[in-house]
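Coordinate inspection notes
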Amino acid sequence: MNGLYCNSCGFPERKKSACLRFRRAELIYDASNYSYVEADIMPEGDECRRHQVFDIGQDGNVDRVTRVLNTAHAECVEMLYPYTKQEIPDEQEALDDVLKEPETYEIKLTLPETFSLTTLRLLEELIHEYLVCRVLADWMSITNSESEANWEKKFTTLRNKIRTALVSRTGKIRRKLKPF
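This one's a predicted model, so the numbers in the text were calculated from it and none came from an experiment. Here the residue index of a chain counts from 1 through its sequence in written order. Totals for whole chains, interfaces and linings use all residues, but because this is a predicted model, local features are given only for residues with pLDDT of at least 70 and pairs of side-chain atoms are given and counted only at 80 or more. Hydrogens and water molecules were not included; the side-chain quantities draw on all heavy atoms of the structure.

Turning our attention to the overall build of the protein. Think of it this way: any DSSP run of H or I at least four residues long counts as a helix, any run of E at least two long counts as a strand, and we number them from the N terminus. Helix and strand content of the protein: six helices and two strands. Reading the helices (α) and strands (β) of the protein from amino to carboxyl end gives β-α-α-α-α-β-α-α. Relative accessible area decides the class of each residue, using a 1.4 Å probe on protein chains only: under 20% of the type maximum gives buried, over 50% gives exposed, and in between gives partly exposed. Across the 180 residues that make up the protein, the buried fraction comes to 33%. In the structure as shown, the protein presents an accessible area of about 12,600 Å², 50% of it carried by carbon and sulfur atoms. Accessibility throughout is a Shrake-Rupley quantity obtained with a 1.4 Å probe, and a residue counts as covered only by protein chains that appear here.

Given below as structure tokens:
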């Protein structure tokens, strides 16, 4: 037992651990594919702008993509706060703004024993799409502002779906036999 108690019944609450992993290469690949389509459907004539939309995954541009992924990952961890909170260690190292390029973005969760695996799988899919859409909204704000609102709407919708998935009912319901 971990010493945590359920607020409603006073019995010890059992927890399970889970980890959601998102490969940076997969996220960049998906963002590049969407960006390619965005550039491909742009009207002919402004080849310079189209070229910039295409190049989301190129060497110099991927640094910006990585920073947005890092921020979006932190947003997701914060959205899942009740399940991801971590205490600050006594000897906390200094945080800095040096570009970090993790191969994998991880979200470590401590969940109630009754948390559904189907909800966890849904969260995995929603968060993957959220990360990709956040990158695209940022990239389009720089290269194709007409498309930015579309990607912002998508990631806002995904954020709401993530929050909704977290408040889904996870426990058993007791119904009285007689309504009166």
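Taken together, the side chains of Tyr36, Val37 and Ile41 present a nonpolar region at the surface, about 320 Å² in accessible area. Classification of Ile41 by relative accessible area gives exposed; the value is 62%. Two distance rules govern patches: like charges are joined within 9 Å, and nonpolar side chains (Val, Leu, Ile, Met, Phe, Trp, Tyr) within 5 Å, applied only to residues with over 30% relative accessible area and no salt bridge. Throughout this description, the term salt bridge denotes a Lys or Arg side-chain nitrogen within 4 Å of a carboxyl oxygen of Asp or Glu.

Definition used in this section: a nonpolar core is a set of buried Ala, Val, Leu, Ile, Met, Phe, Trp, Tyr and Cys residues joined via side-chain atoms within 4.5 Å. Leu109, Leu123 and Ile127 are the most contacted members of the largest nonpolar core, which totals 43 residues. For this core, the secondary structure elements donating two or more residues are strand E1 (15–23), helix H1 (24–40), helix H3 (59–79), strand E2 (104–112), helix H5 (117–143) and helix H6 (145–166). Looking at this core element by element, the count peaks at 13 residues for H5. We call two residues in contact when some of their heavy atoms are within 4.5 Å. The contact partners of Leu123, leaving out residues within four places of it in the chain, are Leu20, Leu80, Phe115, Ile162, Ala165 and Leu166.

Space left empty within the atom packing is revealed by a probe, the size of a water molecule, rolled over the atoms. Taken as a whole, the largest pocket encloses approximately 710 Å³ of empty space. With a 1 Å grid laid over protein atoms only, a set of points is called a cavity when a 1.4 Å probe fits there but cannot get out and a pocket when it is open yet has protein on both sides within 12 Å along at least five of seven lines; lining residues have an atom within 4 Å of a point. If you go around the largest pocket, you meet 21 residues; those closest to its centre are Asn70, His73, Ala74, Leu95 and Lys100. Elements with a minimum of two residues in the lining of the largest pocket: H3 and E2. No other element matches H3, which puts seven residues into the lining of the largest pocket. Among the residues making up the lining of the largest pocket, the classes are represented as nine nonpolar, six polar and six charged. Grid points are joined across faces, edges and corners, and a volume is the space filled by probe spheres set on the points. When residues are sorted by character, Ala, Val, Leu, Ile, Met, Phe, Trp, Tyr, Cys and Pro go into the nonpolar class, Asp, Glu, Lys and Arg into the charged class, and all the rest, Gly among them, into the polar class.

Quick look at the environment of Cys48 now. Within the secondary structure layout, Cys48 lies in helix H2 (residues 47–54). Under the relative-accessibility criterion, Cys48 is labelled exposed at 56%.

The subject of this paragraph is the confidence of the model for the protein. When pLDDT is low, close inspection of the predicted coordinates is not appropriate. pLDDT expresses how confident the predictor is about each individual residue, on a scale running from 0 to 100. The pLDDT averaged across the protein works out to 87; a share of 87% of its residues lies at or above 70. Under a pLDDT of 50 for its full length, residues 1–6 has, in the predicted model, 13 contacts with residues more than four places off or in other chains.

Working definition: a ring pair exists when centres of Phe, Tyr or Trp rings (six-membered ring for Trp) sit within 6.5 Å. Plane angles under 30 degrees give stacked, over 60 give edge-to-face, the rest tilted. In this structure the tally under the stated criterion is four aromatic pairs. Summarising the aromatic geometry, the rings of Tyr130 and Phe155 are spaced 5.8 Å apart at their centres and angled 90° between planes, so their arrangement reads as edge-to-face. Of this pair, Tyr130 sits in helix H5 while Phe155 sits in helix H6; the two residues are 25 residues apart in sequence, bridging distant segments of the chain. By the burial criterion, Tyr130 is buried, and Phe155 matches it.

Axis definition: a line fitted to C-alpha atoms, over the contacting stretch in the case of helices. Angles run 0 to 180 degrees between N-to-C directions. The N-to-C vectors of H1 and H2 enclose an angle of 165°; their axes lie 8 Å apart at closest approach. Classified by the angle between their axes, H1 and H2 sit roughly antiparallel to one another. Between H1 and H2 lies a crossing of right-handed hand. For the pair H1 and H2, the contacting residues are Ser35, Tyr36, Glu38, Ala39 and Asp40 in the first and Arg50, Val53 and Phe54 in the second. For classification purposes, an angle smaller than 35 degrees is called roughly parallel, one larger than 145 roughly antiparallel, one from 65 to 115 roughly perpendicular, and anything else oblique. Should the near helix be turned anticlockwise from the far one by less than a right angle, the crossing is termed left-handed; should it be turned clockwise, right-handed.

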